[in-house]
Amino acid sequence: MAAFLGRRFVLASLGLFWLAVTTLPFLYLALMSLKTQQETYSASIWALPNSFNLVNYEEVLRGRFFTYLGNSVLVVSISVALIVLISSMAAYALARLKFRLNGPLFALIVAGMIVPVHVTLVPIYLLTREIGLYDTPFGLIGPYVAISLPISVFILTEFMRQIPKELEEAAELDNCGPFTKFFKIFLPLSGPGISTVAIYNAIQLWNEFIFAYVLTSSPDKRTLPLAVWDYQGEYQTNIPATLAVVTLSCLPLIIAYAIGQEHIVKGMMAGSLKG
Amino acid sequence: MTSISFSHVAKNFGKVQVIRDVDLDIAPGEFCVFLGPSGCGKSTLLRMIAGLEAAGAGEIRIDGRLINNVPAAERQVAMVFQNYALYPHMTVYENMAFGLKQTKVPGPEIKARVAEAARILQIEPLLDRMPKALSGGQRQRVAIGRAIVRQPKVFLFDEPLSNLDAALRVHMRSEIASLHRKFPSASVVYVTHDQMEAMALADKIVLLHTGRTAQERGSIAQVGGPLDLYHRPKNRFVASFLGSPTMNFLTASLVGADASGAAVELSGGERIALPVDARSLDLGARLTLGVRPEHLSPAADATAQTIVRPVEMIEHFGEFSFVYLTSGDGTPLIAKVQGETAMPADKTFRLGVPAGCCHLFGPDDLALPRVAGA
């Protein structure tokens, strides 16, 4: 009994510790964003704000925040839609079709996960200029889809491999060609895997900084992660306003994760473990 | 009415030959059961008819039409899978209607066919449910319903009852039999490893070998009616596969053979006469006498041919008892005796061996032919 309680205690402590590690930074962020500029410099950085002060949010929302938000939503939603479509089709072929080089092709795609994006920055920058997409939100979509495909194909291939073979055979007897099989059987049955891929990539791309920084220059073409630049001048940085922007940028993700959390966990498990 | 024929069909998976030169005719409207131990290739044969597996060699015909290269969907066959293979994201109705929609059957007709199948299978209240909300037996019915609505020429069943519990299995078995009576024009090919199912359902049993050697793997051991296989096994494999407990095999040597029958001597010195033609063999040849446990009975009559063996153990089941005896040559000997049997005082049992129920297998394990009229 004592051992049991002891174990519960240890587990609970570990859980609370992890909760603190993950939430404290965000809490700090949110609280600091409520301070005035004055307060940030005068009081201790650990002090609570003197009053519930939304002045920073007012400033941020009066600025270009909604332009950035719009660009982010546009880029991320188109990218995620393309990622889901391409990776699920690729995953179906890799998981279910028998063709030569299936294995090597899968290995090659998955190997893409180990290519650091920074290595590709300069060629992609040059390429983007060349085809006239530099400094447009659409210039971001290509690289975003490309860097996300390896992990997405990997997750979905593992997921589709676990769909029973008999279902595919039943569909074959029901007069389904490869496309009908994909759209009517495999796509609906991969729902949890697809949500995982969609949410995971949405989070990654929502926070993506380096491509957005390199491939756009005018303020009205930039995405949310670059919004912080507006509050950082050469001689002065508006710290609470920066934190207010960051807080606002995080919110959509937190909401999305809260809604889709179950799918993400399930899909991740399906991707990594069998059964 | 649809016939199916195999001629010289063979199949390899890599280097393993799973089907070896199969010749087989299934008559129109026949209920044909592929029976055999696991790994004998029975499911592979079925999947070849369905078009889910390509024949490596030979020809498969449905109604005389060569179908080796015809896509699965165009063969007019419907299959019921072992694990049902219902689409988990569709309701029962959608599961049954899916194949018809894919083949562009008009909407009102789909509705009518699904309703009719649901009525026959008594699953009308389930039509709006998802498969995960159904019990095993209900899923099985839906899977059968999905096959019925397609109005196929051939029904294919791949071990459809093996995931059900024992009581339900017996019940569904009788339902499948009555289904066959409702659709007499469709041929049925049914795969099972359960000899009871095969005996109960089949017009024709195709018993396949796994074989002790690669030579025998995937070939047909015997084709015939259930009772044919039971009473007239062509070889020792068939004799041992059908029947439970399995047939007793006693070593014997040939001591007499003429046109009316043969006589053999067992290791205990008893002589057994039986109506088989052993004239092709030399006297003294080592043979195997086969007799089923249920045909050995306590001998009341001293004039009948009998064997006497020491009893090792008796198992009582109320309705019958299994008497385990020592056969003398090291092989087990079991008698299935009606009613209850007490252990005899001298711990030996005298068993009658009816001549007509004995089988004699030659050195090549093939059954010796019966004499005419026996």
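Everything in this summary refers to the structure shown in the same document. (Residues numbered from 1 in each chain as written. Chains lettered and ligands numbered in written order. Predicted model: local features only at pLDDT ≥ 70, side-chain atom pairs only at ≥ 80, totals over all residues.)

The next subject is the overall build of chain A. Looking only at helices and strands, chain A features twelve helices and zero strands. Reading the secondary structure of chain A in the N-to-C direction produces α-α-α-α-α-α-α-α-α-α-α-α. If one aligns the C-alpha atoms of chain A with their principal axes, the spans along those axes are about 75 × 70 × 30 Å. A total of 275 residues make up chain A; the buried ones form 32% of that total. Taking as baseline every contact in chain A between residues at least 6 positions apart, the subset at least 24 positions apart corresponds to 79%. (Helix = DSSP H or I, 4+ residues; strand = E, 2+ residues; numbered from the N terminus. Buried ≥ 20, exposed ≤ 12 C-beta atoms within 10 Å, placed from the backbone. Contact = placed C-beta atoms within 7 Å.)

Before going further, it helps to spend a moment on the interface of chain A and chain B. At the interface, 14 residues of chain A touch 16 residues of chain B. Sorting the residues of the side of chain A that touches chain B by element identifies α8 (165–173) and α9 (178–189) of chain A as the ones contributing at least two each. The dominant element in the side of chain A that touches chain B, judged by the number of residues it contributes, is α8(A), at six residues.

The next thing to look at is the sheet that holds strand β7 (residues 154–158) of chain B. Residue and element names in this part refer to chain B. Across the sheet, which stays open at both edges, the six strands sit in the order β6-β7-β8-β3-β9-β10 with mixed pairing between neighbours. The two strands at the open ends of the sheet, each matched to only one other strand, are β6 (77–80) and β10 (220–224). Pairs of neighbouring strands in the sheet enclose a mean axial angle of 15°, with direction left out of account. Strand contacts of helix α4 (residues 136–148): β6 and β7, with the helix running at about 175° to β6, the strand carrying the most contacts. (Pairing = 2+ DSSP bridges. Axes fitted to C-alpha atoms, helices over the stretch in contact; angles between N-to-C directions.)

A separate point is the environment of D23(B). Residues and elements named next belong to chain B. Its location among the elements puts D23 in strand β2 (residues 16–26). Residue D23 is classed as partly exposed on the basis of its 13 C-beta neighbours within 10 Å. In contact with D23, not counting residues within four places along its chain, are F6, S7 and H8.

The next thing to look at is the pairing of β6(B). Residue and element names in this part refer to chain B. What you see with β6 is no split at all: V77 and M79 on one side and A78 and V80 on the other are buried throughout. Sheet topology places β6 next to β7; four bridges connect them, and they run parallel. Across the sheet, residue V80 finds its bridge partner in β7, namely F157.

What follows is about α4(B). Residues and elements named next belong to chain B. Its 13 residues place the ends of α4 18 Å apart at the C-alpha level, agreeing with the 18 Å of an ideal helix rising 1.5 Å per residue. Across the 13 residues of α4, ten count as buried, placing the element largely inside the fold. For α4, the complete set of buried residues consists of R139, Q140, R141, V142, A143, I144, G145, R146, A147 and I148. Contacts from the buried residues of α4 go to β6, α2 (92–102), α3 (107–121), β7 and α5 (166–182). (Expected span 1.5 Å × (residues − 1).)

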